[in-house]
Amino acid sequence: MTQKDRLDDSRSNLYADQLNRGFRGLRFLPELERDYRRYMLEDSFALKRIALSVGMLVWLAFIGIDLLILAGPPLWGVLAVRLGVLVLLLVCGCLIMLRRHIQLMVPLSIACVLALGVGAAAVVGLAHRADPGYPYEGLLLVSFAAYFLAGLRLSQALSCALVVLLAYLGFEWWAGTQEPLGNNLLFLLFGNLIGAVGCYLLEFKSREHFLISRLLRVMADHDSLTGLHNRRSFNQHLDRLWRQAQREQKTLALLLCDVDHFKAYNDRYGHQAGDAVLQRIGAVFEANARRPLDMAVRLGGEEFALLLYGANEHEARLRAGALRAQVQALRMEHEASDTAREVTLSVGVSCLWPTPGNDLKRLYDLYEHADRALYEAKAFGRNQVVA
């Protein structure tokens, strides 16, 4: 299935809308941007851990170059800088590994990159005062780590690279290395350009993957026509809610609903008109799932359900009656109905108070009782509520 097919098969939602709109500027709508950044914090944790380990190993390996090229006071100054950066990396690394303050993950990653970059610039400046041939290319490695290994977004990586370049320029000016400075800066600038292009493509694909994976999850758990939860999502949610109700000693109420004479409606007005009716009824159900743990469901065909957490029998009856009245109040013409001149709803209500030790069979009794009540509502004339 192509991306266009996915969008065509999915009901309008934030993820599909963002894919349609595009994100060339690497920015989502505000609510999606927050969701994406939380996702990146979790998704890039392993990458940050590997990058930090590799960074410390490379930083230590450069000490060998220092010992081969430098001697005397310049060597001691360079080793002091390397030790200070290493201590900072270890402190940041420990905080990252703990994962207790996940909101600090990005600032700590930026701090590590800047410590490596500014530290490398300081080392180059100190070393060039004694030996102009000391290699400066390690700065490019730091920049590439920011672009590809540290799990930073493009804007963050570019900011780090700019700070490192400015630090390098400042330390080289202090060291008096002016003649090859232009060539060195040009080399680093082109290296950063390559890194920035690669980082842009990686972040673009990361954002696209995020949207498509979330869209597929929505499509797996929601009905494509009405946007309500589907039977699969309902079954999963019902099991979790049952266990929570046992812990909190809350009631569960289930309203099973059928659109009256819906086959006759389709035969009379056509399937497109029938789909429009289901969408309007779905909107009514969605509006009635007001509390966080309530759930509006399209179980299939013309059958809907409303799961209410913490609702007693009296409240469940009232909600069912209001739901039935709201659907009839839409005044959707139904000349083929034997019940009314507009589309109506039959509702079966079941309420269960879970007690400690109840097994899951009681949970399925909730559904069976609601189904039996719905059958009676249809048998005794439809367009009514039976509990």
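These notes cover the structure that comes with them. (Residues numbered from 1 in each chain as written. Predicted model: local features only at pLDDT ≥ 70, side-chain atom pairs only at ≥ 80, totals over all residues. Heavy atoms only, no water.)

### Side note on the sheet that holds strand β3 (residues 303-309)
In space, the five strands of this open sheet follow the order β2-β3-β1-β4-β5, with mixed pairing throughout. Edge positions in the sheet fall to β2 (295-300) and β5 (385-386), since each of these pairs with one other strand and no more. (Pairing = 2+ DSSP bridges. Helix = DSSP H or I, 4+ residues; strand = E, 2+ residues; numbered from the N terminus.)

### What to know about the packing of helix α5 (residues 73-98) against helix α6 (residues 105-130)
It is at 9 Å that the axes of α5 and α6 come closest, and there the two elements cross at 175°. On the basis of their axis angle, the class for α5 and α6 is roughly antiparallel. Here the contact of α5 with α6 is composed, by residue class, of 20 nonpolar, three polar and one charged. (Axes fitted to C-alpha atoms, helices over the stretch in contact; angles between N-to-C directions. Parallel < 35°, antiparallel > 145°, perpendicular 65-115°, else oblique. Nonpolar A, V, L, I, M, F, W, Y, C, P; charged D, E, K, R; others polar.)

### Notes on the nonpolar core
Membership of the largest hydrophobic core comes to 61 residues, with the highest contact counts inside it found for Tyr168 and Leu211. Of all elements in the fold, only α2 (14-21), α3 (30-43), α4 (45-69), α5, α6, α7 (138-149), α8 (154-175) and α9 (181-221) reach the threshold of two or more residues within this core. With 11 residues, the single largest contributor to this core is α6. Among residues more than four places away in sequence, those in contact with Tyr168 are Ala121, Val124, Tyr136, Leu139, Leu181, Asn184, Leu185 and Leu188. Judged by nonpolar contacts, the second largest core, of 28 residues, contains Leu255, Ile281, Ala296 and Leu323. (Core = buried A, V, L, I, M, F, W, Y, C linked by side-chain atoms within 4.5 Å. Buried < 20%, exposed > 50% of the residue type's maximum accessible area, 1.4 Å probe, protein only. Contact = heavy atoms within 4.5 Å.)

### Things to note about the packing of α4 against α6
Packing of α4 against α6 leaves a shortest axis separation of 12 Å and a crossing angle of 15°. When the axis of α4 is compared with that of α6, the two are roughly parallel. Crossing angle aside, the handedness with which α4 passes α6 is left-handed. On α6, the residues that touch Phe45, Lys48, Leu52, Gly55, Trp59 and Asp66 of α4 are Met105, Ser109, Cys112, Leu116, Gly119, Ala120 and Val123. Of the residues that constitute the contact of α4 with α6, the class distribution is eight nonpolar, three polar and two charged. (Left-handed = near helix turned anticlockwise from the far one by under 90°.)

### Regarding the pattern of salt bridges
Following the criterion strictly, the structure yields 18 salt bridges and no others. Its salt-bridge partner being Asp35, residue Arg214 comes within 3.0 Å of it at the nearest N-O pair. Taken as a pair, Arg214 in helix α9 and Asp35 in helix α3 lie far apart in primary sequence, 179 residues in all. As far as burial versus exposure is concerned, Arg214 and Asp35 are alike and both buried. Lys263 is the salt-bridge partner of Asp267, the closest N and O atoms lying 3.2 Å from each other. With a gap of four residues between them, Asp267 and Lys263 both fall in helix α11 (residues 262-269), about one helical turn apart. Because the salt bridges share partners, they merge into one network encompassing Glu33, Arg37, Glu203 and Arg207. (Salt bridge = Lys/Arg side-chain N within 4 Å of Asp/Glu carboxyl O.)

### Topic: the packing of aromatic side chains
Throughout the structure, instances matching the rule amount to 16 aromatic pairs. With centroids separated by 5.1 Å and ring planes inclined at 45°, the aromatic side chains of Tyr39 and Phe210 adopt a geometry described as tilted. Of this pair, Tyr39 sits in helix α3 while Phe210 sits in helix α9, and the two are 171 residues apart along the sequence. Looking at Phe210, the relative accessible area reads 0%, which means it is buried. Here the aromatic cluster, defined as three or more aromatic residues joined through ring pairs, consists of Tyr15, Phe23, Phe28, Tyr36, Tyr39, Tyr200, Phe204 and Phe210. A cation over an aromatic ring shows up here: Arg207 above the ring of Phe28, its NZ or CZ 4.7 Å from the ring centre. In this structure, Arg268 packs its charged tip against the face of Tyr269, placed 5.0 Å from the ring centre. (Phe/Tyr/Trp six-rings, centres within 6.5 Å; stacked < 30°, edge-to-face > 60°. Lys NZ or Arg CZ within 6 Å of the ring centre and 35° of its normal.)

### As for the pairing of strand β1 (residues 252-259)
The buried fraction of β1 is high, at eight of eight residues. With burial as the criterion, each face of β1 is covered, one bearing Leu252, Leu254, Leu256 and Asp258 and the other bearing Ala253, Leu255, Cys257 and Val259. One ladder, built from eight bridges, connects β1 with strand β4 (residues 345-352); its direction is antiparallel. Paired with Cys257 across the bridge in β4 is Val347.

Distances and angles like these do not, on their own, reveal function.
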